[in-house]
Amino acid sequence: LLRRIGLMLIETDAFSLGQIDSKLWAARELENCVKKNNIGPLNIYILGGWYALLHFVLKIRSNIEINSCRSFDLDEQACHIANVINNTWETEDWKFRAFPEDVNLIDYPQDINCVINTSSEHIESLEWWLKIPKDTLCLIQSNNLKIEEHVATVESIEELESRFPMSKMLYSGSNQLPDYTRYMIIGLK
C-alpha cells in the first residue's frame, strides 16, 4: 500500500505494527548495550535503511549519543524519504544522510563504530558482513516471514547467531509478531 505525502509516495507498511515494534525493540536493546558497555558516541552506518526510521526513533528517544548516521538503500526514492523524515539532523551539520547504494559495495571509514542491518533477510550475499571491521558494534535483525523479497530468512535465533558470528555477544533475542518472528543480535564483530 502506498500513500502520497507531498510529491512522494510512501509505503505505509513502513509504519505497520511489526515495523514500528521492531524499531522500538532495536532502539531499546541498542541503548541498553551501549550504556552497559560504555560505548559511544556512535557513528552509525545503517544498511538497507529504507526510510531510516530506526535513526529517527533513536534520535527522538535521546538515550544515547549519536555523532553521525549514514543510511544506505538500493531504493533512491526510499533514501529521499529518509532524508525528509530525518531532515532535522540532515540540516544539523549533516549528522544524517541517506544514500542510494548497494550495501555490498560500501567501504567502512575508520570512524564508523556501529553498523545496523534490520533487513538482512533482504540481502542474500554476506559480502556486506565480511567487510565490517573487527570489533565494530553490530545490530542485526532478520525474520522467518516467507515472502518473495525475503531471500535470506532465518528460522531461529541460533541460525542468526551462526550466520553473523560475534566476537562478543551483547544481546540475542526474538520478538513474536502476529504473522512471523523477528530475531535480533547485538554484539562486537
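Up top is the structure.
Residues numbered from 1 in each chain as written. Predicted model: local features only at pLDDT ≥ 70, side-chain atom pairs only at ≥ 80, totals over all residues. Heavy atoms only, no water.

1. Some points on the side chain of Ser142
As a reminder of what qualifies: Numbering of helices and strands runs from the N terminus, with a helix taken as a DSSP run of H or I at least four residues long and a strand as a DSSP run of E at least two residues long. Here, two residues are considered to be in contact whenever any of their heavy atoms come within 4.5 Å of each other.
Position of Ser142 among the secondary structure elements: in strand β7 (residues 137-143). In contact with Ser142, other than residues within four places in its own chain, are Ser120, Glu121, Ala152, Thr153, Val154, Leu160, Thr181, Arg182 and Tyr183.

2. Digging into helix α2 (residues 53-61)
What sets the pattern is the α-helix's 3.6 residues per turn: residues three or four places apart point alike. Just so we agree on the cut-off: Three exposure classes are used, based on accessible area relative to the maximum for each residue type with a 1.4 Å probe and protein chains only: buried under 20%, partly exposed in between, and exposed over 50%.
All of the buried residues along α2 are Leu53, Leu54, His55, Val57, Leu58 and Lys59. One or two residues past the end of α2 sits Ser62, with phi positive at roughly 55°.

3. Structural notes on the pattern of salt bridges
To keep it simple, the criterion reads: By salt bridge we mean one thing: a side-chain nitrogen of Lys or Arg within 4 Å of a carboxyl oxygen of Asp or Glu.
Overall, the coordinates contain five salt bridges when judged by the stated rule. Across the salt bridge formed by Glu31 and Arg61, the nearest N and O atoms sit 2.7 Å from each other. Taken together, the residues Glu31 in helix α1 (residues 17-36) and Arg61 in helix α2 connect sequence positions 30 residues apart. Overall, the relative accessible area of 3% leaves Glu31 in the buried class. Among the ionic pairs, Asp107 bridges to Lys131, the shortest N-O distance being 3.7 Å. Of this pair, Asp107 sits in the loop between β5 (96-100) and β6 (114-117) while Lys131 sits in helix α5 (residues 127-131), placing them 24 residues apart in sequence. Classification of Asp107 by relative accessible area gives exposed; the value is 60%.

4. Thoughts on the packing of aromatic side chains
Our working definition: When two rings of Phe, Tyr or Trp (its six-membered ring) have centres within 6.5 Å they constitute a pair, described as stacked for plane angles under 30 degrees, edge-to-face for angles over 60, and tilted for the intermediate range. Charge-over-ring contacts are defined here by two conditions on Lys NZ or Arg CZ: a distance within 6 Å of the ring centre and an angle within 35 degrees of the ring normal.
By the definition in use, this model includes eight aromatic pairs. A connected cluster of aromatic rings, assembled from ring pairs, spans Tyr45, Phe72, Phe99 and Tyr108. Here the basic side chain of Lys189 rests over the ring of Trp129, its NZ or CZ set 5.0 Å away from the ring centre.

5. Re the sheet that holds strand β9 (residues 181-188)
Basically, it comes down to this: At least two DSSP bridges between two strands are required for those strands to pair. Interaxial angle, 0 to 180 degrees, is taken between N-to-C directions of lines fitted to C-alpha atoms, where a helix line uses only the stretch in contact.
Read from one edge of the open sheet, seven strands run β5-β4-β3-β6-β7-β9-β8, paired in mixed fashion. On the outer flanks of this sheet lie β5 and β8 (168-176), each paired with one strand and no other. Here the strands of the sheet are splayed against their neighbours by 15° on average, with no regard to which way each runs. Sheet topology note: the strand β3 (residues 42-47)/strand β4 (residues 66-73) ladder contains six bridges and is parallel. Note on β4: the bridge partner recorded for Ile46 is Ser71. Across the face of the sheet, helix α3 (residues 76-85) comes into contact with β4 and β5 while running at roughly 170° to β5.

6. Description of the environment of Ser62
Note the cut-off: For this analysis, a polar contact is any N or O atom pair within 3.5 Å, provided that within protein one partner can donate a hydrogen and the other can accept it, and provided that sequence-adjacent residues contribute only side-chain to side-chain pairs.
Inspection of the secondary structure puts Ser62 in the loop between α2 and β4. Ser62 gets classed as exposed once you look at its relative accessible area, which sits at 56%. For the pair Ser62 and Glu31, spaced 31 residues apart in sequence, the C-alpha to C-alpha distance is 9.5 Å. Engagement of the side chain of Ser62 in a polar contact is seen with the backbone oxygen of Lys59, the distance being 3.0 Å.

7. Things to note about the nonpolar core
Worth spelling out the cut-off: Note on terminology: a nonpolar core comprises buried Ala, Val, Leu, Ile, Met, Phe, Trp, Tyr and Cys residues joined through side-chain atoms within 4.5 Å.
Leu30, Ile44, Ile116 and Ile186 are the most contacted members of the largest nonpolar core, which totals 28 residues. For this core, the leading source of residues is α1, giving six residues. Residue contacts for Ile186: discarding those within four places in its chain leaves Glu29, Leu30, Cys33, Leu137, Cys138, Leu139, Met166, Met169, Leu170 and Tyr171.

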